[in-house]
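The primary structure of each chain is shown beneath.
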Amino acid sequence: MFVNVDLAVASADSNASALTVAGLRSHHESVVLLGQPGGGKTTALQYLASAALRQREMDSTAPMPIVLRFRDLKAGDGLYEGLAEVFGGLPPGVSLSDRSDGCRVLVREALKRLPTLLLLDGLDESGRQYVRGLFRDLEQLIRTTDARLIVTCRTAEYRVTLPQVRVYRILPLTPTQVDDLVRRWLHDPADHAEFLRQLSTNPYAGTEVRPLALAVLAILFIRKGEIPKLPRAVYEKILRLFLADWDESKGVVRESDYEGFTVDRKESFLEALAFQLTRKSIRGRFAHKDLVRAYGRVHKRYGLPYHQAEAVAREIESHTGLVLQRSGEFEFFHLTIQEYLTAR
C-alpha cells in the first residue's frame, strides 16, 4: 500500500531539492532511490509504474514504464540482456559470442524508437558477483541513451556513484503518514484510534517509522484485536523479518564476506554486540570507537577478523537494516531492539 513518503537528497549536490516519491513523476532526471530494508523502495517503484502507465494511456507521447527486477536476471546476465528480453529478445540463431553485443544494439534501438521510463528495482538483490558489471551497464545506458532511469537500492549497498544521476534517500514515516497508512488498513475509526493509542504507549513505539515494521504491528492488531502487551513476540517477528524472512519471501540470497557468518550467526553476533554496548551503559547511538571496543570483545567467537568492525557493521546494515550508520555514528534500528537483544 503506497504512502507518499518524503525523500532527502543523498548526493553531494547543492542544487538538488528534497521532494516526495510522487514528486518524482515530474522529475526529468535519472534517479537512484536509496532506503533501508522494508523502507518502501519497491512500493514507491510500483506507484511510479502505475502512475506512468496511466499517463501513457492518456498521452501516447508520454514515456512507457518498463519495470525490471534485478533479482529476476538470469545467472550471468547483465542489464542489457534483461532488457533485451523485455523488448522481445534476440532472433533465433544468434551465437553466444554475439549475444552481449546483440542485446546492447537491440536495447539502444528500442530506446530510440520508444520514449521510456526504466524502473529498475533492487540493485542490491542481484548477487554480489554481478554488481560491478551492472554498474558498468547502468553507466553505459545513461551515457548512450536518452532513457530516464529510476533505480532502487539498499542504502549500504550503493557504493559506486553513477554519473548524471540524482540520489535520494527515503525518509522514515512521519506521524501523519503513519496515520494515513493505518487509516487505510483499519477502516473502523474506533479500531484506528485504538491502534494508534496502543502504538504510542507500547515500548516499541518508534519502530513504525519503517513501513514493513508498521505492517507487522497492524497485522498483529487485526489478528488479535490488540498489539501484544508482551513485546517479545513483536520483537521476534521484526527480527526474523529483517534477518531472513523478507529476503526469503523474494527469493533473494545475500552472500556474506565472512565464512560461516550465516543468518543465525548474525543474530547471535547482534545479541553479543548489544550486550557489550549495554554493559558499558551505551544505549542508542554509539561512536566508531565504541563499536570497535565491543566488536573486539566478541569477534573471535564468530571467526571474524579483528580489524573489520566497521565492515561487519556495514554488511549487517546492508543485509538486515538492524544496525544503521549515520554521520559517522552507529545505532540499532530502534533502542528497544538493542534492549531486547541484550536480554536474550
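Preceding block: the structure.
Here the structure is a predicted model, which means the values were calculated and not measured. (Residues numbered from 1 in each chain as written. Predicted model: local features only at pLDDT ≥ 70, side-chain atom pairs only at ≥ 80, totals over all residues. Heavy atoms only, no water.)

### Comments concerning the overall build of the protein
And then number 1: Along the backbone of the protein there are 12 helices and 9 strands.
And then number 2: Its C-alpha atoms give the protein a radius of gyration of 22 Å, within 12% of the compact-globule value 20 Å for 344 residues.
And then number 3: The buried share of the protein, reckoned over its 344 residues, is 51%.
And then number 4: Partitioning the intrachain contacts of the protein with sequence separation of at least 6 by distance along the chain shows that 69% fall at a separation of at least 24.
And then number 5: Element-wise, carbon and sulfur atoms account for 51% of the exposed surface of the protein, whose accessible area totals about 16700 Å².
And then number 6: On the protein, the mean spot of the 47 positive side-chain charges and the mean spot of the 43 negative ones are 4 Å from each other. (Helix = DSSP H or I, 4+ residues; strand = E, 2+ residues; numbered from the N terminus. Rg over C-alpha atoms; globule rule 2.2 N^0.38 Å. Buried < 20%, exposed > 50% of the residue type's maximum accessible area, 1.4 Å probe, protein only. Contact = heavy atoms within 4.5 Å. Areas by Shrake-Rupley, 256 points an atom, 1.4 Å probe, with all protein chains shown as cover. Lys, Arg positive; Asp, Glu negative; His and termini not counted. Charge placed at Lys NZ, Arg CZ, Asp CG, Glu CD.)

### Let's talk about the packing of aromatic side chains
And then number 1: All told, the structure shown has 11 aromatic pairs when counted by the stated rule.
And then number 2: Residues phenylalanine 242 and phenylalanine 333 carry aromatic rings whose centres are separated by 5.7 Å and whose planes lie at 65° to one another, so their mutual orientation is edge-to-face. Taken together, the residues span a long stretch of sequence, with phenylalanine 242 in helix α8 (residues 232–250) and phenylalanine 333 in the loop between β9 (329–332) and α12 (335–343) at a distance of 91 residues. Each member of the pair, phenylalanine 242 as well as phenylalanine 333, carries the same accessibility label: buried.
And then number 3: Both rings, one in phenylalanine 269 and one in tyrosine 295, keep their centres 6.1 Å apart while their planes meet at 70°; by these two values the pair is edge-to-face. Residue phenylalanine 269 is found in helix α9 (residues 263–279), and its partner tyrosine 295 is found in helix α10 (residues 288–298); the two are separated by 26 residues along the sequence.
And then number 4: Judged by relative accessible area, which is 2%, phenylalanine 269 ranks as buried. (Phe/Tyr/Trp six-rings, centres within 6.5 Å; stacked < 30°, edge-to-face > 60°.)

### A word on the packing of α8 against α12
And then number 1: Put simply, α8 and α12 touch, their axes get as near as 11 Å, and they point 100° apart. When the interaxial angle is binned, α8 and α12 end up roughly perpendicular. Between α8 and α12, the contacting residues are Arg232, Tyr235, Glu236, Ile238 and Leu239 on the first element and Thr336, Ile337, Tyr340 and Leu341 on the second.
And then number 2: Split into classes, the residues belonging to the contact of α8 with α12 amount to 6 nonpolar, 1 polar and 2 charged. (Axes fitted to C-alpha atoms, helices over the stretch in contact; angles between N-to-C directions. Parallel < 35°, antiparallel > 145°, perpendicular 65-115°, else oblique. Nonpolar A, V, L, I, M, F, W, Y, C, P; charged D, E, K, R; others polar.)

### Regarding a positive patch on the surface
And then number 1: A cluster of basic side chains, namely Arg279, Lys280, Arg293 and Arg297, defines a positive patch on the protein surface.
And then number 2: Checked against the element boundaries, lysine 280 lands in the loop between α9 and α10. (Patch = residues over 30% accessible without salt bridge, like charges linked within 9 Å, V, L, I, M, F, W, Y side chains within 5 Å. Salt bridge = Lys/Arg side-chain N within 4 Å of Asp/Glu carboxyl O.)

### Comments concerning helix α5 (residues 175–185)
And then number 1: Of all the positions in α5, only Gln177, Val178, Leu181 and Val182 are classed as buried. For α5, the angular spread of the buried residues around the axis is 135°, confining them to a single face. With respect to the buried face of α5, the exposed residues turned more than 90 degrees away are Pro175 and Thr176.
And then number 2: Next to the buried residues of α5 lie β1 (6–9), α6 (189–201) and α7 (211–224). (Arc of directions from axis to C-beta.)

### Some words on the pairing of β1
And then number 1: One ladder, built from 2 bridges, connects β1 with strand β2 (residues 19–20); its direction is antiparallel. Its bridge partner being in β2, leucine 7 is matched across the sheet by leucine 19.
And then number 2: The pairing of β1 with strand β7 (residues 165–170) spans 3 bridges and is classified as antiparallel. Paired with leucine 7 across the two strands is isoleucine 170, which belongs to β7. (Pairing = 2+ DSSP bridges.)

### So, helix α2 (residues 79–86)
And then number 1: Where burial is concerned, most of α2 is hidden: 6 out of the 8 residues are buried.
And then number 2: Immediately downstream of α2, the backbone of glycine 88 shows phi near 110°, a positive value.

### So, the pairing of strand β5 (residues 116–121)
And then number 1: With 6 of its 6 residues buried, β5 lies for the most part within the structure.
And then number 2: Both faces of β5 are covered, namely the face carrying Thr116, Leu118 and Leu120 and the face carrying Leu117, Leu119 and Asp121.
And then number 3: Sheet topology places strand β4 (residues 64–69) next to β5; 6 bridges connect them, and they run parallel. Note on β5: the bridge partner recorded for isoleucine 66 is leucine 118.
And then number 4: For the crossover from β5 across helix α4 (residues 128–144) to strand β6 (residues 148–154), the handedness is right-handed. (Right-handed = clockwise from strand over helix to strand, strands pointing away.)

### Focus on the nonpolar core
And then number 1: In this structure, Phe195, Phe269 and Phe332 are the most contacted members of the largest nonpolar core, which totals 72 residues.
And then number 2: Ranked by residues supplied to this core, first place goes to α7 with 8 residues.
And then number 3: Apart from the residues lying within four places of it in its own chain, the contact partners of phenylalanine 269 are Phe261, Tyr295, Val298, Tyr302, Leu304, Val312 and Ile316.
And then number 4: Counting residues in each nonpolar core, the second largest holds 31 residues, with Leu111, Leu118, Ala147 and Cys153 among its members. (Core = buried A, V, L, I, M, F, W, Y, C linked by side-chain atoms within 4.5 Å.)

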